[in-house]
Amino acid sequence: MSIMPNNSPDKTAHNTIAGLPTPDAEASIRSTELAHYIHAEIEANGGGLPFSRFMEHALYNPDYGYYSAGANQLGAAGDFVTAPEISSLFGCCVATQVAALLEPYGEDGEILELGAGTGRLAVDLLEELERLGKLPRRYLILELSGGLRARQQHTLKERLPHIYERIEWLDQLPKKPLKGVIFGNEVLDALTVDCFEIEPGGTHPLEVCGDNESFSWRRGQPSIPLSNAVTRIEAGLGQQLAAGYRSELCLHLQAWVRSLADCLAAGAILLFDYGYTRAEYYHPERRQGTLVCHYRHHAHFDPLVLPGLQDITASVDFSAVAEAGTNAGLELAGYATQAWFLMGTGLEEQLARTDPNDQMAYLKRIQELKTLTLPSEMGERFKAIALGRNLEQPLRGFSGQDLRNRL
Ligand SMILES: C[S@@+](CC[C@H](N)C(=O)[O-])C[C@H]1O[C@@H](n2cnc3c(N)ncnc32)[C@H](O)[C@@H]1O
């Protein structure tokens, strides 16, 4: 996830935050309705809610959640941009890897995309697969947001009418395991997380509480699943987290990855996102966790404001993803930065398709390439991870860099 040039806000108060654009009247009403709904649940729950439940409402409440209530989250007119929104170079490179993964399954090969956003990645990927003569029989999309699903259908029907009938939208993961590729860009960071604080006496969940005017944090009673999960993190780190240390973790990551693994008869799960190895994520100096919110291309760190109007994300613990995959019977088939993955899947060849004599188009392409690959932009912060089942050969995207031993 990336943003246009921003101003960093400096102060939070109630359901607004200094430095952020003011929501319009209709958005404010929706946000207030959602806030009332959450406050009622807080009250019914004894005065506090696990942060994961607050995040679930803020992002996925069926009526007012950020991803449920509309379809304008992504792009220049929305709140943030993602790699496929920045350039078709991303989708074309991913297509190179996907085509190679589909190869052994011939006519039976299928693709499942998780959380397809505006549909832009699906367009780029399918166009490139068609150019390579590797179109799959079926292209499945699992999308939780009704608004985004409608936007995807509109875009794909308009851009690819001749292959539209191969595309199928799902409400849940397919019952019959597929052979091919399951992939998602920036879906992991949208999974709900729980926040915690280390105290001398143990690990406390950080809960959301508040009066009708605003939300705030409170320290909850220790919970066994959360404490056990933190103990496992500390065991992985080989040291205890210090008192006062705050961070977050995704308690249902293991179950989520297992549900994907259950859908994969053979092939690979490819996930792209921003995140770290466990040692980097829970580094002693990262004492406040990784939660970031996006509202109209402003990034800030207060998830308790603007409920339903802003995106809330947490970086990904890729060690936990790898562990979840291997626990589910998959092989860790690759882990590399986005820059190396794209270089391994033909970024240079893709650039060469733009005529250097067309200076405007070529310079635009170069700029896109820089945004996707430079360490100061998306190149290193974003990673690619692959989990495989019965893979016949190494994945091309990880040929230039293999960081699996760091996980
Ligand atoms: C940040 S957007 C990324 C969209 C798109 N992949 C892109 O790169 O532009 C997150 C997407 O994940 C979807 N999503 C969130 N949780 C999901 C889940 N458990 N399964 C499938 N999609 C999910 C959201 O509805 C949204 O489309």
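Along each chain, residues carry numbers from 1 onward, in the same order as the chain's sequence is written. Totals for whole chains, interfaces and linings use every residue, but because this is a predicted model, local features are given only for residues with pLDDT of at least 70 and side-chain atom pairs only at 80 or more, for both listing and counting. Calculation of side-chain values draws on the structure's entire complement of heavy atoms; hydrogens and water are dropped beforehand.

If you look at the biggest cluster of nonpolar residues, it comprises 48 residues, and the most contacted ones within it are Leu125, Tyr139, Leu156 and Leu270. Among the elements that take part in this core, helix 4 (residues 88-102) stands out by supplying 9 residues, more than any other. Residue contacts follow a heavy-atom distance rule, with two residues in contact if any of their heavy atoms lie within 4.5 Å. When sequence neighbours within four positions are dropped, the list of residues in contact with tyrosine 139 reads Ile111, Glu113, Ala122, Leu125, Leu126, Arg166, Ile167, Glu168 and Phe183. With 37 residues, the next largest nonpolar core counts Leu49, Phe51, Phe215 and Leu249 among its residues. Nonpolar cores were defined as sets of buried Ala, Val, Leu, Ile, Met, Phe, Trp, Tyr and Cys residues, with membership established by side-chain atoms within 4.5 Å. Residue burial is assigned from relative accessible area. The probe radius is 1.4 Å, only protein chains are included, and a residue is buried under 20% of its type maximum, exposed over 50%, and partly exposed in between. Strands here are runs of E lasting at least two residues and helices are runs of H or I lasting at least four, both read from the DSSP assignment and numbered beginning at the N terminus.

Residues are labelled near a given molecule or strand when at least one of their non-hydrogen atoms is within 4 Å of it. Every one of the 20 residues lining the ligand counts as a neighbour, but Tyr60, Thr82, Gly115, Glu143 and Asn185 are closest to it. Between the ligand and threonine 82 there is a distance of 2.6 Å, counted from an oxygen atom to a side-chain nitrogen or oxygen. Any pair of nitrogen or oxygen atoms within 3.5 Å is treated as a polar contact; in protein, a donor-acceptor pairing is required on top of that, and neighbouring residues in sequence qualify only through side-chain atoms on both sides. Contact distances for the ligand include 2.7 Å between a nitrogen atom and a backbone N or O atom of glycine 115. What sets the accessible areas is the Shrake-Rupley method with a 1.4 Å probe; for residues, cover comes only from the shown protein chains. Protein coverage of the free-state accessible area of the ligand, which is 590 Å², stands at 96%. Its residues assigned to classes, the shell around the ligand shows 14 nonpolar, 4 polar and 2 charged. All residues other than Ala, Val, Leu, Ile, Met, Phe, Trp, Tyr, Cys, Pro, Asp, Glu, Lys and Arg, Gly among them, are scored as polar; the first ten of these are nonpolar and the last four charged.

What follows covers unusual backbone geometry. Note on backbone geometry: most residues besides glycine have negative phi, and most peptide bonds are trans. Located in the positive-phi region is histidine 297, a residue other than glycine, with phi close to 65°. With respect to the helices and strands, histidine 297 occurs in the loop between strand 13 (292-295) and strand 14 (298-300). We note that leucine 306 has phi near 50°; this positive angle belongs to a residue other than glycine. Taking relative accessible area as the criterion, leucine 306 reaches 3% and is therefore assigned buried.

Turning to the sheet that holds strand 14, a few remarks are in order. Two strands are counted as paired when DSSP detects at least two bridges linking them. Within the open sheet, the 3 strands sit side by side as 14-13-15. Their pairing is antiparallel. Of all the strands in the sheet, just strand 14 and strand 15 (311-313) have a single pairing partner and so form its edges. Within this sheet the neighbouring strands show an average axis-to-axis angle of 25°, counted without direction. Across 3 bridges, strand 13 lies against strand 15 in antiparallel orientation. Axis definition: a line fitted to C-alpha atoms, limited for helices to the stretch in contact. Angles are taken between N-to-C directions and run from 0 to 180 degrees.

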